Amino acid sequence: MPIDLHDGDLPEGLVWNGSVAIDTETMGLNPHRDRLCLVQLSAGDGTAHIVQFRNGDFRAPNLRRLLTDASVTKLFHFARFDIATVYRYMGIVVEPVYCTKVAARLVRTFTDRHGLKDLCKELLGVELSKQQQTSDWGAAELSSEQLKYAASDVLHLHALRSRLDELLEREGRRHLAEGCFRFLPTRALLDLGGWDDPDILSH
Ligand code: MN
């Protein structure tokens, strides 16, 4: 798989037709504490772009423009976390978004297995390795295994979206998915603001 590693921002002139698959890698699961290290992106063409943040400079004007471009839908798996992390470190709200985990929960009600690995295997017949998931993403020089793992998290999101859209259509739940996707940025900001646990919508 072709992987383009970029230092601190995307280059000029990349074309994203309508949608871009995105994932982030951080130092851990607490956005207040654990800094953003990588943003991985793919146009769904088999190539992954990886933006690495090494020196605390999150200005990244080209990436910023893409993440807030209203004409490009950002595809995530578990968007809630990535949106919160990007807001915490870049100060921008990523919109509009599509989340394959939310879509999977709406149509695959016969199972509670909605991890990216599960969806790739069951909807696409693709085996993903999760071996590098908990590695040190803050390292200045990333290993080729880390880069491959980081890239693999965005390479299948376009194909997953197509399958999940068919299933949302079949089950008549497209409107529920769209409502969730519109609410996701607010959900992420609520998480950062302290309304994560208990959830603001719980009794
Ligand atoms: Mn990832």
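Look above for the structure.
Residues numbered from 1 in each chain as written. Predicted model: local features only at pLDDT ≥ 70, side-chain atom pairs only at ≥ 80, totals over all residues. Heavy atoms only, no water.

Student: Sorry if this is basic, but what is going on with a nonpolar patch on the surface here?
Tutor: There is a patch of nonpolar side chains on the surface, built from Phe-183, Trp-195, Ile-200 and Leu-201 and spanning about 420 Å² of accessible area. You can see Ile-200 is positioned in the segment after helix 7 (174-193). For Ile-200, a relative accessible area of 41% puts it in the partly exposed group. (Patch = residues over 30% accessible without salt bridge, like charges linked within 9 Å, V, L, I, M, F, W, Y side chains within 5 Å. Areas by Shrake-Rupley, 256 points an atom, 1.4 Å probe, with all protein chains shown as cover. Salt bridge = Lys/Arg side-chain N within 4 Å of Asp/Glu carboxyl O. Helix = DSSP H or I, 4+ residues; strand = E, 2+ residues; numbered from the N terminus. Buried < 20%, exposed > 50% of the residue type's maximum accessible area, 1.4 Å probe, protein only.)

Student: Can you help me understand helix 6 (residues 157-170) in this one?
Tutor: In an α-helix, one turn spans 3.6 residues; hence positions three or four apart end up facing the same way. Here helix 6 spans 20 Å end to end across 14 residues, near enough to the 20 Å set by a 1.5 Å rise per residue. Of the residues one or two after helix 6, Gly-172 is the one with positive phi, at around 65°. (Expected span 1.5 Å × (residues − 1).)

Student: Just checking my understanding: could you explain the coordination of the manganese ion for this structure?
Tutor: Tetrahedral coordination by four donors sets the ideal angle at the metal to 109.5 degrees; octahedral coordination by six donors sets it to 90 or 180 degrees. Around the manganese ion, the donor atoms from the protein are Asp-23 (OD), Glu-25 (OE) and Asp-153 (OD), and they sit 2.0 to 2.1 Å away. Read in sequence order, the donor residues for the manganese ion give the motif D-x1-E-x127-D. Note that Asp-23 is positioned in strand 2 (residues 19-26) and Asp-153 in helix 5 (residues 144-155), a separation of 130 residues in sequence. When sorted by exposure, Asp-23 lands in the same class as Asp-153, which is buried. (Donors = N, O, S within 2.8 Å, 3.2 Å for Na, K, Ca; no water.)

Student: Would you mind going over the packing of aromatic side chains with me for this structure?
Tutor: For any pair of aromatic rings, the description consists of the separation of the ring centres together with the inter-plane angle of the planes. Counted by the stated rule, this structure contains four aromatic pairs. Measuring from ring centre to ring centre gives 4.9 Å for Phe-53 and Phe-58, while their planes differ by 50°; the resulting arrangement is tilted. Accessibility expressed as a relative area gives 13% for Phe-58, which makes it buried. Here Phe-58 and Tyr-89 contribute two aromatic rings whose centre-to-centre distance is 5.5 Å and whose plane-to-plane angle is 50°, an arrangement assigned as tilted. Placement of Phe-58 in the loop between strand 4 (48-52) and helix 1 (61-67) and of Tyr-89 in helix 2 (residues 79-90) is noted, with a sequence separation of 31 residues between them. For the pair Phe-58 and Tyr-89, a shared accessibility class is recorded, and that class is buried. Three or more aromatic residues joined by ring pairs form one cluster here, namely Phe-53, Phe-58 and Tyr-89. Positioned above the aromatic ring of Tyr-89 is the side chain of Arg-88, whose terminal nitrogen or guanidinium carbon lies 4.4 Å from the ring centre. (Phe/Tyr/Trp six-rings, centres within 6.5 Å; stacked < 30°, edge-to-face > 60°. Lys NZ or Arg CZ within 6 Å of the ring centre and 35° of its normal.)

Student: When you look at the nonpolar core in this model, what are you seeing that I'm missing?
Tutor: Nonpolar side chains tend to gather and get buried jointly when the protein is soluble and globular. One finds Leu-41, Phe-53, Leu-63, Leu-67, Met-90, Leu-160 and Leu-164 to be the most contacted residues of the largest nonpolar core, which totals 60 residues. Excluding anything up to four places from it in sequence, Leu-41 contacts Leu-10, Trp-16, Val-20, Ala-21, Ile-22, Thr-47, Ala-48, His-49, Val-51, Leu-63, Leu-66 and Val-154. (Core = buried A, V, L, I, M, F, W, Y, C linked by side-chain atoms within 4.5 Å. Contact = heavy atoms within 4.5 Å.)

Student: Would you take a moment to explain the pattern of salt bridges for this structure?
Tutor: When charged atoms on two side chains of opposite charge get close, those side chains can pair. Tallied over the entire structure, the rule returns 14 salt bridges. As a salt-bridge pair, Asp-57 and Arg-59 come within 2.7 Å of each other at their nearest N and O atoms. Here Arg-187 ties to Asp-191 by a salt bridge, and the two come within 2.9 Å at their closest N and O atoms. You can see Arg-187 and its partner Asp-191 sitting in helix 7, four residues apart, about one turn around the helix. Note on accessibility: Arg-187 and Asp-191 belong to one class, buried. Salt bridges sharing common partners tie together Arg-80, Arg-187, Asp-191 and Asp-199.

Student: I tried to follow helix 2 on my own but got confused; where do I start?
Tutor: Look at helix 2: 16 Å from first C-alpha to last across 12 residues, which is about the 16 Å you get at 1.5 Å a residue. In terms of burial, helix 2 is largely enclosed, as nine of its 12 residues are buried. Turning to helix 2, its buried residues number three or more, namely Ala-79, Phe-81, Asp-82, Ile-83, Ala-84, Thr-85, Val-86, Tyr-89 and Met-90. Close packing links the buried residues of helix 2 with strand 2, strand 3 (36-42), helix 1, strand 5 (73-76), strand 6 (97-99) and helix 7.

Student: I tried to follow the sheet that holds strand 5 on my own but got confused; where do I start?
Tutor: Note: strands within a sheet are paired through backbone hydrogen bonds, in either parallel or antiparallel orientation. Read across the open sheet, the six strands follow the order 1-4-3-2-5-6; overall the sheet is mixed. Among the strands making up the open sheet, the edge pair consists of strand 1 (3-7) and strand 6. Averaged over all neighbouring strand pairs, the angle between strand axes comes to 25°, with direction disregarded. Pairing geometry for strand 1 and strand 4, over five bridges, is parallel. The partner of Leu-5 across the bridge, within strand 4, is Ile-50. (Pairing = 2+ DSSP bridges. Axes fitted to C-alpha atoms, helices over the stretch in contact; angles between N-to-C directions.)

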